[in-house]
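# Overview (structure and organization)
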Amino acid sequence: MPLRISCRQSSEADELAGTLVTAGYDTGVHTEPPFSTLDDENVVHVVQTDAPAELVTELLQDFDAQLEITDPMSGTKAVVDPTEAAPS
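Residues numbered from 1 in each chain as written. Predicted model: local features only at pLDDT ≥ 70, side-chain atom pairs only at ≥ 80, totals over all residues. Heavy atoms only, no water.

### Structural notes on helix α1 (residues 10–22)
Stated formally: Only DSSP runs of H or I reaching four residues or more are called helices, and only runs of E reaching two or more are called strands; each is numbered from the N terminus. The length a helix should cover is 1.5 Å for every residue beyond the first. Relative accessibility decides the category of a residue: with a 1.4 Å probe and only protein chains considered, values under 20% of the type maximum give buried, values over 50% give exposed, and everything between is partly exposed. Comment: arc refers to directions from the helix axis out to C-beta atoms. The criterion used for residue contact is that any of the two residues' heavy atoms lie within 4.5 Å.
The terminal C-alpha atoms of α1, which comprises 13 residues, lie 18 Å apart, in line with the 18 Å expected from a rise of 1.5 Å per residue. Taken together, the buried positions of α1 are Glu12, Ala13, Leu16, Ala17 and Leu20. All buried residues of α1 lie within an arc of 130° about the axis, which places them on one face of the element. On its buried face, α1 sits against β1 (3–7), β2 (27–32), β3 (44–49) and α2 (53–59). Positive backbone phi, at 95°, marks Gly24, one or two positions downstream of α1.

### Describing the confidence of the model for the protein
How we decide: Here pLDDT means the predictor's own confidence in every residue, given as a number from 0 to 100.
For the protein, the average pLDDT comes to 81, and 70% of its residues sit at 70 or higher. When mean pLDDT is compared element by element in the protein, α1 scores highest at 95, while helix α3 (residues 82–85) scores lowest at 54.

### Quick look at the nonpolar core
What tends to happen in soluble globular proteins is that the nonpolar side chains get buried as a cluster. Put simply, the rule reads: The term nonpolar core refers to a set of buried residues drawn from Ala, Val, Leu, Ile, Met, Phe, Trp, Tyr and Cys, joined through side-chain atoms within 4.5 Å.
Counting 14 residues, the largest nonpolar core has Ile5, Leu16, Leu20, Val47, Val56, Leu60 and Leu67 as the members making the most contacts within it. For this core, the elements supplying multiple residues, two or more each, are β1, α1 and α2. Residue contributions to this core peak at four residues, all from α1. The residues touching Leu20, leaving out its near neighbours within four places in the chain, are Ile5, Tyr25, Thr27, Val47, Thr49, Ala51, Leu55, Val56 and Leu59.

### A closer look at the pairing of β3
What counts here: Here, any two strands with at least 2 DSSP bridges between them count as paired.
Across the six residues of β3, five count as buried, placing the element largely inside the fold. Both β1 and β3 contribute to a ladder of five bridges, which runs antiparallel. What sits directly across from Arg4, in β3, is Gln48. Relative to β3, β2 is paired through six bridges, and the arrangement is antiparallel. Residue Thr31 lies in a different strand from β3, and its bridge partner there is His45.

The structure is reproduced here in C-alpha cells:
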C-alpha cells in the first residue's frame, strides 16, 4: 500500500522526496490546504511513495513528519507507529 508522509515544512517534504526518488522509489509531493480558511500557516506538505515502511521510518527519525499507510481503493488511512515500523 502507498505511504503518505505529512510534513509542516516544504523543505522537509522536498528533501524526503529527493532521497526516495534517488533510491529508486515512485514518489510525489503535493500540498493540502489547512483545515480552516483562517489558518493559512498550517498547509500540509504531503509526500506519497511506494517505498517500504521500514525505510521511510528510518528516514523520518530526523524530521518532524507523520507517516500514514493509505488504501487507494477505500480511501482509508492509518497512522504508522514508528516503533512498530522500525526494523528490529
